[in-house]
Amino acid sequence: MSRTVYVNGEYLPEEDAKISIFDRGFLMADGVYEVTSVLDGKLIAFDGHAARLTRSLSELDMAAPVDMDELLAIHRELVKRNDIVDGLIYLQVTRGSPGDRDFVFPDPATTPSTLVLFTQSKPGLADNPAAKIGMSVISIEDLRWGRRDIKTVQLLYPSMGKMMAQKAGAGDAWLVEDGVVTEGTSNNAYIVKNGKIITRHLSNDILHGITRAAVLRYAKEAQMEVEERAFSIAEAQDADEAFVTSASAFVMPVVEIDGVKLGDGKPGKVALRLREIYLDESRKAAI
Ligand code: PMP
């Protein structure tokens, strides 16, 4: 069945949604995005995603196409119109279409930004059987640009990373720079050693995950020890357990890194407990 999508103020059947070939999102990856999950018809961590979007836009001197109240209303309307129970809402803002190709940013007064949102229905999103088995990751060199804190649509390298992982029979790739892990291709990376949760500190080198912020808050509230610092693949392979977090995968155990099984090769206790806490608390706070 055709989805109803949102494009620049209009709700349209997906077949009728059109963007100019001169849109800078298309020509230059000059755009930012957010993915917000929906559980039981409600939005998870909307405020966090809206705040990060505002920051991404401001770091790129891009105008916000609508205010955050309106953005919430659009998310809710799409959930309603597409009968989404569990799933994702994808949002993208680009610097719009100046009607030609030029490296110089167009004047926002004459070139409004483009705003697109669409839904992805994922029945049983929170009951992903993969969480019970855990996933394997491979390590690859982090060849992305230097502003990974801005959530841009430049996803070619992460996409290539997923393909490298697929080819190697793994679930994902962890990106390594200067001998230490930055993050996963589309998630933040963690290890657990002697009960302590270790994840890379925030900087321009990684995306400031909304799920990361929530999970670390819940971990601290549950008296778990958290250390924010970089770690190597060798340290990760020697850890008791590992996991990743993202808005769509929540907390996902990692059981194997570059062919080395962690512990008994099963999802770790800390990862499973954090997944449970995260899902419980997120459902309670959903709007
Ligand atoms: N890092 C990268 C590179 C990502 O693409 C994502 C997911 N978009 C994350 C981390 C996780 O962020 P969040 O928890 O906000 O989904």
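Conventions used here
Residues numbered from 1 in each chain as written. Predicted model: local features only at pLDDT ≥ 70, side-chain atom pairs only at ≥ 80, totals over all residues. Heavy atoms only, no water. Domains from an automatic or database assignment. Contact = heavy atoms within 4.5 Å. Buried area = accessible area lost by both parts, 1.4 Å probe. Salt bridge = Lys/Arg side-chain N within 4 Å of Asp/Glu carboxyl O. Near = heavy atom within 4 Å. Polar contact = N/O pair within 3.5 Å; in protein donor to acceptor, adjacent residues only side chain to side chain. Areas by Shrake-Rupley, 256 points an atom, 1.4 Å probe, with all protein chains shown as cover. 1 Å grid on protein atoms, 1.4 Å probe; cavity = no way out; pocket = protein on both sides within 12 Å on 5 of 7 lines; lining within 4 Å. Sits in = over half its atoms within 2 Å of the grid points. Helix = DSSP H or I, 4+ residues; strand = E, 2+ residues; numbered from the N terminus. Nonpolar A, V, L, I, M, F, W, Y, C, P; charged D, E, K, R; others polar. Patch = residues over 30% accessible without salt bridge, like charges linked within 9 Å, V, L, I, M, F, W, Y side chains within 5 Å. Buried < 20%, exposed > 50% of the residue type's maximum accessible area, 1.4 Å probe, protein only. Pairing = 2+ DSSP bridges. Right-handed = clockwise from strand over helix to strand, strands pointing away. Points joined across faces, edges and corners; volume = space filled by probe spheres on them.

Student: Describe the domain arrangement of the protein, and please don't skip the residues or the numbers.
Tutor: By the assigned domains, the protein splits into domain 1 (4-124) and domain 2 (130-285). Centre-to-centre separation of domain 1 and domain 2, based on C-alpha positions: 26 Å. Taken together, the contact between domain 1 and domain 2 spans 21 residues of the former and 19 residues of the latter. Here domain 1 meets domain 2 over a buried area of about 1,800 Å², counting both sides, of which 64% is carbon and sulfur. Considering only the surface of domain 1 that becomes buried against domain 2, Tyr-33, Leu-39 and Arg-52 emerge as the three largest contributors, covering 33% of it. Across the contact surface, domain 1 and domain 2 share three salt bridges.

Student: Now, about the site of the ligand: what can you tell me, with residues and values included?
Tutor: Near the ligand there are 18 residues, and of these Arg-52, Lys-151, Glu-183, Ile-210 and Thr-211 occur at the shortest range. Between the ligand and Arg-52 there is a distance of 2.8 Å, counted from an oxygen atom to a side-chain nitrogen or oxygen. At 2.6 Å, a side-chain N or O of Thr-211 approaches an oxygen atom of the ligand. The fraction of the free accessible surface of the ligand (390 Å²) that becomes covered by protein chains is 92%. The cavity that encloses the ligand is the largest pocket. At the level of elements, helix H2 (46-59), strand E9 (180-184), helix H6 (210-221) and strand E13 (241-246) are the ones that each hand at least two residues to the shell around the ligand. The residue inventory of the shell around the ligand, partitioned by class, reads four nonpolar, 10 polar and four charged. When residues are assigned to domains, the shell around the ligand turns out to be shared by domain 1 (4-124) and domain 2 (130-285), each giving three or more.

Student: Describe in detail a nonpolar patch on the surface, supporting the description with residues and values.
Tutor: Nonpolar side chains collect at one region of the surface, where Ile-21, Phe-22, Phe-26 and Leu-27 lie side by side and expose about 400 Å² of accessible area between them. Inspection of the secondary structure puts Ile-21 in the loop between strand E2 (10-13) and helix H1 (24-28). The class for Ile-21 is exposed, based on a relative accessible area of 57%.

Student: Please provide a residue-by-residue account of the pairing of strand E7 (residues 135-141), values included.
Tutor: Within a regular beta strand, the side chains point alternately toward one face of the sheet and then the other, so they alternate between its two faces. The buried count for E7 comes to five of seven residues, which makes it a mostly enclosed element. In this sheet, strand E14 (residues 250-257) lies alongside E7 in parallel orientation, the contact comprising three bridges. The residue of E14 that forms the bridge with Val-137 is Ile-257. At this point the chain moves from E7, through helix H5 (residues 156-167), to the parallel strand E8 (residues 172-177), and the crossover so formed is right-handed.

Student: Tell me about the side chain of Ser-37, and name the residues and values.
Tutor: Mapped onto the elements, Ser-37 comes out in strand E3 (residues 31-39). Overall, Ser-37 belongs to the buried group, its relative accessible area being 1%. Within polar-contact distance, the side chain of Ser-37 engages the backbone oxygen of Ala-247 at 3.3 Å. Residues within four places of Ser-37 in sequence aside, it is in contact with Lys-42, Leu-43, Ile-44, Gly-87, Leu-88, Leu-125, Ala-247 and Phe-250.

Student: Help me get a handle on the layout of surface pockets, residues and values and all.
Tutor: Taken as a whole, the largest pocket encloses approximately 970 Å³ of empty space. What lines the largest pocket is a set of 42 residues, and nearest its centre among them are Tyr-33, Lys-151, Thr-185, Ser-186 and Asn-187. Listing elements by their share of the lining of the largest pocket, those giving two or more residues are E3, H2, strand E5 (87-94), H5, E9, H6 and E13. For the lining of the largest pocket, the leading source of residues is H5, giving five residues. Here the lining of the largest pocket gathers at least three residues from each of two domains, domain 1 (4-124) and domain 2 (130-285). Estimates place the volume of the second largest pocket at around 280 Å³. Lining of the second largest pocket is provided by 16 residues; of these, Ile-44, Ala-45, Phe-46, Arg-217 and Ala-285 occupy positions nearest its centre. When residues are assigned to domains, the lining of the second largest pocket turns out to be shared by domain 1 (4-124) and domain 2 (130-285), each giving three or more.

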